[in-house]
Amino acid sequence: MKSIGILGSTGSIGNQTLEVIDILEENFQIKYLTSHSNINLLADQALKYRPDTVCVAREEKMSELCDLLRDSGIAVTSGRDALLELAGRSDVDMVMNGLVGAPGMEPTIAAIKSGVDVALSNKESMVMAGGIINELLKKYSGNLFPVDSEHSAIWQCLR
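Report on the accompanying structure. Just so it is clear, the model here is predicted, and its values are computed rather than measured.

**Notes on the overall build of the chain**
The helix and strand inventory of the chain stands at seven helices and seven strands. In terms of C-alpha radius of gyration, the chain reaches 15 Å, essentially the compact-globule figure of 15 Å for 159 residues. A buried classification covers 48% of the 159 residues belonging to the chain. A fraction of 53% describes how many contacts in the chain between residues 6 or more apart in sequence connect residues 24 or more apart. For the chain, the exposed area adds up to about 8200 Å²; of that, 52% sits on carbon and sulfur atoms. Between the centroid of the 14 positive side chains of the chain and the centroid of its 21 negative side chains there is a distance of 4 Å.

**As for the side chain of T108**
Inspection of the secondary structure puts T108 in helix 5 (residues 105–113). Under the relative-accessibility criterion, T108 is labelled buried at 1%. Excluding residues that lie within four positions of it along the chain, T108 makes contacts with N97, V118, L120, S125 and I133.

**Notes on a nonpolar patch on the surface**
On the surface, a cluster of nonpolar side chains totalling about 280 Å² of accessible area is made up of V20, I23 and L24. Of note, I23 is situated in helix 1 (residues 12–23).

**Description of the environment of N143**
As for its placement among the helices and strands, N143 is situated in the loop between helix 6 (123–140) and strand 7 (144–146). The class of N143 is partly exposed, set by a relative accessible area of 38%. Residue contacts for N143: discarding those within four places in its chain leaves V116, D117, V118 and L137.

**Comments concerning the pairing of strand 3 (residues 53–56)**
Residues in a regular strand point their side chains to alternate faces of the sheet. Going residue by residue along strand 3, you find T53 and C55 tucked away on one face and V54 and V56 tucked away on the opposite face as well. In this structure, strand 2 (residues 28–35) lies alongside strand 3, joined through four bridges in parallel fashion. Within the sheet, the bridge partner assigned to Y32 lies in strand 3 and is T53. Chirality of the crossover, the property in question, places the unit of strand 2, helix 2 (residues 39–49) and strand 3 among those that are right-handed. You can see the chain leave strand 3, run along helix 3 (residues 62–68) and come back into strand 4 (residues 75–78), and the turn it takes is right-handed.

**Considering helix 2**
Residues of helix 2 that are buried: I39, L42, A43, Q45, A46 and Y49. One side of helix 2 carries all its buried residues, which in axial view fall inside an arc of 165 degrees. Structural note: helix 2 exposes D44 and K48 on the side pointing more than 90 degrees away from its buried face. Where helix 2 is buried, its residues meet helix 1, strand 2, strand 3 and helix 3. Within two residues after helix 2, R50 carries a phi angle of roughly 55 degrees, on the positive side.

**Some details on the packing of helix 1 against helix 2**
Where helix 1 meets helix 2, the closest approach of the two axes is 13 Å, and the angle between their N-to-C directions is 20 degrees. One finds that helix 1 runs roughly parallel with respect to helix 2. Where helix 1 crosses over helix 2, the two elements pack in a sense that is left-handed. From helix 1, N15, L18 and D22 reach across to helix 2, where they touch L41, Q45, K48 and Y49. A breakdown of the residues in the contact of helix 1 with helix 2 according to their chemical character gives three nonpolar, two polar and two charged.

Analysis parameters
- Just so you know, the residues in each chain are numbered from 1, in the order the chain's sequence is written.
- Predicted model: local features are reported for residues with pLDDT of at least 70 only, side-chain atom pairs are reported and counted for 80 or more only, and whole-chain, interface and lining totals are derived from all residues.
- As a rule here, side-chain values come from all non-hydrogen atoms in the structure, and water together with hydrogens is ignored.
- Counting from the N terminus, the helices are the DSSP runs of H or I reaching at least four residues and the strands are the DSSP runs of E reaching at least two.
- The quantity called the radius of gyration is restricted to C-alpha atoms. Its globule counterpart is 2.2 Å times the number of residues to the power 0.38.
- Relative accessible area decides the class of each residue, using a 1.4 Å probe on protein chains only: under 20% of the type maximum gives buried, over 50% gives exposed, and in between gives partly exposed.
- By definition, residues are in contact when any of their heavy atoms lie within 4.5 Å.
- Computed with the Shrake-Rupley method and a 1.4 Å probe, the accessible areas treat only the protein chains shown as cover for residues.
- The charge count treats Lys and Arg as positive and Asp and Glu as negative. His and the chain ends do not count.
- For charged residues, the charge sits on one atom: NZ in Lys, CZ in Arg, CG in Asp, CD in Glu.
- A residue counts toward a patch only above 30% relative accessible area and without a salt bridge, and it is joined to like-charged neighbours within 9 Å or, for Val, Leu, Ile, Met, Phe, Trp and Tyr, to nonpolar neighbours within 5 Å.
- When a carboxyl oxygen of Asp or Glu is within 4 Å of a side-chain nitrogen of Lys or Arg, the pair counts as a salt bridge.
- DSSP calls a pair of strands paired once it identifies at least 2 bridges connecting them.
- The definition of a right-handed crossover adopted here requires that, viewed with the strands pointing away, the path from the first strand over the helix to the second runs clockwise.
- Directions pointing from the helix axis toward each C-beta atom define the arc.
- Angles shown run from 0 to 180 degrees and are taken between the N-to-C directions of axes, each axis being a line fitted to C-alpha atoms and, for helices, limited to the stretch in contact.
- Angles below 35 degrees are treated as roughly parallel, those above 145 as roughly antiparallel, those between 65 and 115 as roughly perpendicular, and all remaining angles as oblique.
- Less than a right angle of anticlockwise turn of the near helix away from the far helix marks a crossing as left-handed, whereas a clockwise turn marks it as right-handed.
- Polar here means any residue outside two lists: the nonpolar Ala, Val, Leu, Ile, Met, Phe, Trp, Tyr, Cys and Pro, and the charged Asp, Glu, Lys and Arg; Gly therefore counts as polar.

Right, here's the structure in full:
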């Protein structure tokens, strides 16, 4: 069984990732889920998949998320620092980065530095810091798997 953390679980990529996990559920254990602000969907996902931690990036949403997950035993965190801490956890086998735009770069780097594999749909990470990311992948012996259609197609052609 592989453990996975999903950054941006309430977005399109995150939802698609969870659909795949539904099919292959005996192969995956979800350790954490994150959302920018969609706490209702995040709470639903948390109650279904039972991660140990969830994070909402918008700190003002934390109290409401705590109410939704009361008595669930799931830890609730919020804010950018908490998101980066989750991304940098080394107790997962893979981080699925479904974050949109520039805010996804730092979590990508945090995950690579923790030595875990990264499934990346966030092409902005590579556009802004491709050289840095490639050097970190060598240094920390991680793997990067592009999962967004455009950069996955290029990666598959190159392989």
